[in-house]
Amino acid sequence: MRTTRTLSIVLFGFAALAARRAEAQQVTVLIDQTMMAVPANGTINCGGPKIGGSTMTAIDLKNTGGAQLSISNITMGGPQAAEFQISQFAPPVKLAPNTPLPMTITFAPLMMGTRTATMTIASNDQNNPNFTVNLVGTSGDPSISLDTGTAAFGNQRVNVPSMPQAINITNSGFGDLMITSIGTTGQAAKDFTVTDAKGNPIMPFTVKPMTSTPFNVTFTPSALGNRSAQIVVSSSDPNNPTRFVNVLGTGTMAMLSVMTPMGCPNCKLDFGDANIYAPSMPKTIVLQNAGNDAANVKSITFGKGQMSNFSLSLPPPLPAKIPAAVNGMNGTLSINVVALPLTLGAVMDSVTITTDDPNPGNATFTVPLTANGVGGSITATPNFADFGTWPTGKTSDPISIMLTNTGTADLNVMTMALAGNNPDVFTITPDPMAFMPTPLMPGMSLPLTITFSPVVAMTHSAQLVITTDDPKAKTLQIPLDGVGGTGPQVAFNPPSLDFGLVAVGATAGPTAITITNAGGSPLQINSLTLGGASPQAFAIDLMGPFTIQSMQSQKVMATFTPLTPGSQSATISLAIQGMMAPATYMLRGSGQAPMLGVAPQALDFGPVKVGATSASQTVNIKNGGSQPVVIATIKSTDAQFLVDTSATMFTLASQAQTSFAVTFTPSAAAPAMATINVNVMGGVGAALSIGAKGTGVSSGGGGGGGGGGRGGGGCSAAPAPVRTAWPLALFALAGLVVLRRRFRS
């Protein structure tokens with residue numbers, strides 16, 4: 001048998017280098033493909049071949065220092081030095097930093113037993129010039145043994161893996177021990193799983209002489225009760241090739257069910273009639289365990305959470321144990337639930353009990369819960385009394401308040417009294433203390449009459465405080481308000497309204513004007529009218545009449561539509577009942593004329609044959625203002641000059657631009673001129689005018705005059721070159737040209 005290993009030997013030393021400090025050299029030896037460094041006087045295990053066989057252990061000598069390392073010789077010594085040979089090495093060898101030197105150690109034993117030698121590496125390492133490594137090997141038969149004959153796992157839940165148990169295989173012989181397989185057999189062989197120490201499936205492996213290697217066994221019972229099997233280990237031991245380990249354990253399981261007072265599993269828990277806002281008598285849910293393993297309740301939750309109409313009574317601390325069955329008696333855990341209805345009528349929820357049992361059927365139980373909330377419920381109609389404004393020294397008209405039991409059980413009105421800031425100006429009739437307490441059956445009402453008698457001009461407030469045995473609201477407070485009479489007072493918010501800068505023809509708003517009566521008596525407004533300098537530019541949505549009660553408000557919506565540029569103003573006059581002079585409110589705004597620029601400012605089509613159509617010329621328009629402009633029309637004064645607006649945008653935002661095209665189709669052999677007018681929404685007349693000219697010429701020769709001097713001499717004039725649209729850069733050169741602005745005054 002031949003075995004190959006790789007090892008790394010590390011040597012340290014110093015070499016004198018001219019003109020600079022010496023740097024350390026380090027040789028690394030890698031072993032067994034693990035890159036494990038073998039230290040000085042460390043041991044390399046060369047395996048255990050039979051006599052006549054050999055193993056080969058590959059090593060790398062590596063200089064991991066910072067200077068060149070010189071290896072002068074490698075020698076073998078010790079009792080069995082002749083049985084260990086080094087190959088692939090021809091001294092001397094110089095190793096640059098981080099340079100490996102591969103070699104092989106061959107072990108060929110001549111006798112049985114343990115064989116040893118030393119390997120010495122001579123180098124220029126001043127600290128360890130003779131780096132020595134021990135070599136060991138064995139020869140003979142392997143011998144297998146196991147550290148246990150039985151592995152007991154005890155109780156384990158069905159279908160839940162146990163913690164693995166390690167079993168060691170020891171080779172106490174002198175040769176390499178090959179483990180060819182490890183398997184299971186017996187009644188419950190599938191319940192026991194064998195893996196290597198890292199949890200991987202078992203593959204054939206070698207155990208060196210005088211060493212041990214573990215493997216793991218895991219128990220996952222597939223059924224209840226006692227489970228057992230045998231682990232079979234097959235090896236290359238010539239005397240005992242097969243070894244056995246007995247494995248055993250007990251499969252356990254919790255068998256849970258839920259019983260309710262109805263006497264059936266999974267029935268709903270019905271509390272019947274239960275007083276609202278009061279806990280009912282508890283009802284019990286019993287968790288039963290008929291299995292041979294305990295389980296734990298992890299959580300008990302209600303479907304509606306904190307808003308549930310049910311709760312636990314003396315909840316068990318979690319996790320709560322459900323014992324296993326003993327001698328045929330089921331283990332039990334009781335959970336007490338109470339109804340606490342928050343509303344009248346039927347209430348429903350559910351309680352969910354979660355356990356730590358891994359089997360799906362035992363993991364979660366849900367029990368429906370029902371109850372009928374009953375109880376008296378006091379209701380006041382209306383639930384406040386606002387007397388408005390009444391003259392001081394006089395008693396108001398009465399306000400009736402009806403106290404009604406809207407619940408499903410009897411209710412008692414216990415006490416009734418006035419409280420708050422000004423209880424002395426309010427009166428309850430009849431005297432409430434003359435008939436207290438007063439029982440009210442479901443649906444019955446108790447009528448009350450309240451009046452207000454202010455003595456000073458101010459706002460008064462109080463509360464009618466009623467106590468009952470309503471479980472939901474034992475105290476009912478009814479607010480009472482009134483104002484001692486004074487004259488009305490007009491207040492505006494905002495004090496005036498400025499719409500700012502608005503494009504001519506555009507509408508700003510609507511904007512709310514809030515009119516408030518800050519006085520103590522009603523404010524009667526007969527009419528609202530617009531006046532002042534520019535009333536036609538403003539509009540309001542409310543013209544009157546209307547009344548504003550004390551401390552109340554009314555909104556009026558206003559808009560501004562300037563028809564001319566410049567500052568404009570108007571006033572809203574309020575004619576108020578009982579006041580000689582009207583109250584006035586100021587409106588302001590400014591109209592902004594469109595700021596349109598055009599390029600080119602004029603079009604010249606030159607000579608064009610009668611009936612023919614010239615090439616189109618483009619006119620560019622730019623809105624240089626800060627407000628949007630809406631173009632209403634673009635028209636020519638002469639039909640021979642045709643305007644094409646199919647690609648024109650008619651709404652221009654600030655700094656936006658658009659264009660239109662013009663063509664010339666002369667109807668006669670004569671000069672023609674036209675004006676192309678651009679009209680904007682709300683404007684009077686054209687906002688822009690562009691001149692256009694051209695000359696119609698006959699197709700039979702005889703050049704016509706004009707047209708910029710083209711034609712004549714009896715020959716037809718050649719068509720003028722088509723003028724393309726002026727570049728947009730003209731805007732930057734010429735600025736924004738406002739040709740004509742004509743608006744209504």
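For the structure itself, consult the block above.
The rules behind these values
Here the residue numbers are simple positions, counted from 1 along each chain's written sequence. Restriction of local features to residues with pLDDT of at least 70 applies here, the model being predicted, together with a cutoff of 80 or more for giving and counting side-chain atom pairs; totals for whole chains, interfaces and linings are based on all residues. To obtain the side-chain values, all non-hydrogen atoms of the structure were used and water was disregarded. Strands are runs of DSSP state E lasting at least 2 residues, helices are runs of H or I lasting at least 4, and numbering of each runs from the N terminus. Accessible area is worked out with a 1.4 Å probe on protein chains only. A residue is then buried under 20% of its type maximum, exposed over 50%, and partly exposed in between. Two residues form a contact once any of their heavy atoms are found within 4.5 Å. We call two N or O atoms a polar contact when they sit within 3.5 Å, provided that within protein one can donate a hydrogen and the other can accept it, with sequence-adjacent residues counted only if both atoms are side-chain atoms. By convention, a stacked pair of Phe, Tyr or Trp rings (six-membered ring in the case of Trp) has centres within 6.5 Å and planes under 30 degrees apart, an edge-to-face pair has planes over 60 apart, and any other such pair is tilted. Here, over-ring charges are defined by two tests on the NZ atom of lysine or the CZ atom of arginine: distance to the ring centre within 6 Å, and angle to the ring normal within 35 degrees. Think of a nonpolar core as a cluster: buried Ala, Val, Leu, Ile, Met, Phe, Trp, Tyr and Cys residues, connected wherever their side-chain atoms sit within 4.5 Å. For two strands to be treated as a pair, DSSP must find at least two bridges joining them. Under this scheme, a helix contributes an axis fitted over its contacting stretch, all axes are lines through C-alpha atoms, and angles between N-to-C directions fall in the 0 to 180 degree range. Each cavity reported here is a set of points on a 1 Å grid over the protein atoms alone in which a 1.4 Å probe fits but cannot get out, each pocket an open set with protein on both sides within 12 Å along at least five of seven lines, and each lining residue one with an atom within 4 Å of a point. Grid points are joined across faces, edges and corners, and a volume is the space filled by probe spheres set on the points. Only Asp, Glu, Lys and Arg are considered charged in this grouping, and only Ala, Val, Leu, Ile, Met, Phe, Trp, Tyr, Cys and Pro are considered nonpolar; every other residue, Gly among them, is considered polar. Should a side-chain nitrogen of Lys or Arg be within 4 Å of a carboxyl oxygen of Asp or Glu, the pair is scored as a salt bridge. Patch rule: a residue counts if its relative accessible area is over 30% and it has no salt bridge; like charges are joined within 9 Å, and nonpolar side chains (Val, Leu, Ile, Met, Phe, Trp, Tyr) within 5 Å. What sets the accessible areas is the Shrake-Rupley method with a 1.4 Å probe; for residues, cover comes only from the shown protein chains.

> What's the story with the overall build of the protein chain in this structure? I'm lost.
Looking only at helices and strands, the protein chain has 2 helices and 57 strands in total. Each of the 745 residues in the protein chain was classed as buried or not, and the buried ones make up 42%. Across the protein chain, contacts joining residues at least 24 apart in sequence account for 73% of those joining residues at least 6 apart.

> Quick question: what am I supposed to make of the environment of Gln577 here?
Of note, Gln577 is situated in the loop between strand 47 (566-576) and strand 48 (583-592). Sequence separation of Gln577 and Asn526 is 51 residues, and the distance between their C-alpha atoms is 6.5 Å. Beyond its immediate stretch of four places on either side in the chain, Gln577 contacts Gln524 and Asn526. There is a polar contact of 3.1 Å between the side chain of Gln577 and the side chain of Asn526.

> Would you mind going over the environment of Thr637 with me for this structure?
Examined against the element boundaries, Thr637 turns out to sit in the loop between strand 52 (629-636) and strand 53 (641-644). Judged by relative accessible area, which is 53%, Thr637 ranks as exposed. With 40 residues separating them along the chain, Thr637 and Asn677 place their C-alpha atoms 7.9 Å apart. Those residues in contact with Thr637, other than ones at most four positions away along the chain, are Ala674, Thr675 and Asn677.

> Which parts of the structure should I look at to understand the side chain of Asn405?
Within the fold, Asn405 resides in strand 33 (residues 399-405). Reaching out from Asn405, the side chain makes a polar contact with the backbone nitrogen of Ser377 at a distance of 3.1 Å. Residues in contact with Asn405, not counting those within four places in the same chain, are Gly376, Ser377, Asp410, Leu411, Leu440, Met441, Pro442, Gly443 and Met444.

> Before we go on, may I ask you to explain the packing of aromatic side chains in this structure?
To describe a pair of aromatic rings, one takes the distance between the centres and the angle between the planes. Taken as a whole and judged by the stated rule, the model has 15 aromatic pairs. Taken together, a centroid distance of 5.9 Å and an interplanar angle of 50° make the contact between Phe605 and Phe641 tilted. With Phe605 in strand 50 (residues 602-609) and Phe641 in strand 53, the pair connects residues that are 36 residues apart, well separated along the chain. The buried category is assigned to Phe605, whose relative accessible area is 5%. A relative accessible area of 2% places Phe641 in the buried class. Grouped by ring-pair contacts, the aromatic residues Phe153, Phe192 and Phe219 constitute a single cluster. The ring of Phe271 carries Lys283 above its face, with NZ or CZ at 5.9 Å from the centroid.

> Would you take a moment to explain the nonpolar core for this structure?
Considering soluble globular proteins, one finds that nonpolar side chains tend to be buried as a cluster. Counting 26 residues, the largest nonpolar core has Ile285, Leu287, Val297, Phe310 and Val337 as the members making the most contacts within it. Listed by contribution, the elements that provide at least two residues to this core are strand 22 (256-259), strand 23 (269-275), strand 24 (283-289), strand 25 (295-302), strand 27 (320-322), strand 28 (331-339), strand 29 (345-355) and strand 30 (364-374). Beyond its immediate stretch of four places on either side in the chain, Val297 contacts Leu287, Leu318, Pro319, Ala320, Ile322, Leu333, Ile353, Thr354 and Thr355.

> Quick question: what am I supposed to make of the sheet that holds strand 51 (residues 617-623) here?
What holds strands together in a sheet is hydrogen bonding between their backbones, with the strands either parallel or antiparallel. What the 4 strands build is an open sheet, ordered 49-51-55-53; its pairing is antiparallel. Only two strands of the sheet have a single partner each, and these edge strands are strand 49 (596-599) and strand 53. Neighbour to neighbour, the strand axes of the sheet diverge by 25° on average, direction disregarded. As paired elements, strand 51 and strand 55 (residues 657-664) share 6 bridges and run antiparallel to each other. Its bridge partner being in strand 55, Val619 is matched across the sheet by Phe660.

> What's the story with the sheet that holds strand 38 (residues 459-468) in this structure? I'm lost.
With mixed pairing, the 5 strands of this open sheet are ordered in space as 32-39-38-34-36. In the strand order of this sheet, the two ends are held by strand 32 (385-390) and strand 36 (438-440), each with one partner. Averaged over all adjacent pairs, the angle separating strand axes in this sheet is 25°, with direction ignored. Sheet topology note: the strand 34 (residues 411-419)/strand 38 ladder contains 6 bridges and is antiparallel. Residue pairing across strands places Thr415 opposite Thr467, the latter belonging to strand 38.

> What is the right way to read empty space enclosed by the protein from this model?
The gaps of empty space that remain are located by a probe, the size of a water molecule, rolled over the atoms. Using the criterion set out here, one finds 1 cavity of 30 Å³ or more in the structure. Considering only enclosed or pocket space, the largest cavity measures out at about 40 Å³ in volume. Lining the largest cavity, in full, are Phe492, Ile513, Ile515, Leu528, Val556, Ile572, Leu574 and Tyr585. Of the residues in the lining of the largest cavity, the class split is 8 nonpolar, no polar and no charged.

> Mind showing me how you'd approach the pattern of salt bridges here?
Any two side chains of opposite charge can pair, given that their charged atoms come close. Considering all chains together, one arrives at 6 salt bridges under this definition. Taking the shortest distance from any N to any O, the salt bridge between Arg115 and Glu83 comes out at 2.5 Å. With Arg115 in strand 11 (residues 113-123) and Glu83 in the loop between strand 7 (69-77) and strand 8 (84-87), this residue pair connects regions lying 32 residues apart in the sequence. With relative accessibility at 5%, the residue Glu83 sits in the buried group. Here Asp293 makes a salt bridge to Arg157, at a shortest N to O gap of 3.0 Å. You can see Asp293 sitting in the loop between strand 24 and strand 25 and its partner Arg157 sitting in strand 14 (residues 150-157), a full 136 residues away along the chain. Arg157 carries the same exposure label as Asp293, and that label is buried. One continuous salt-bridge network, built from bridges that share partners, spans Arg157, Asp293 and Asp356.

> Would you explain a nonpolar patch on the surface in this entry?
On the surface, Val455, Val456 and Met458 cluster together into a nonpolar patch covering about 260 Å² of accessible area. Inspection of the secondary structure assignment puts Val455 in the loop between strand 37 (445-452) and strand 38.

> Just checking my understanding: could you explain unusual backbone geometry for this structure?
The step from Leu318 to Pro319 runs through a cis peptide bond, and the omega angle for that step is 0°. Within the fold, Pro319 resides in the loop between strand 26 (310-312) and strand 27. Following Gly509, the chain continues into Pro510 via a peptide bond in cis, with omega recorded as 5°. Relative to the helices and strands, Pro510 resides in strand 42 (residues 508-517). Not every positive phi belongs to a glycine, and Asn98 is a case in point at roughly 60°. Tracing the chain through its elements places Asn98 in the loop between strand 9 (93-95) and strand 10 (99-107). Even without glycine at this site, Asn159 takes up a positive phi of about 70°. Of note, Asn159 is situated in the loop between strand 14 and strand 15 (165-171).

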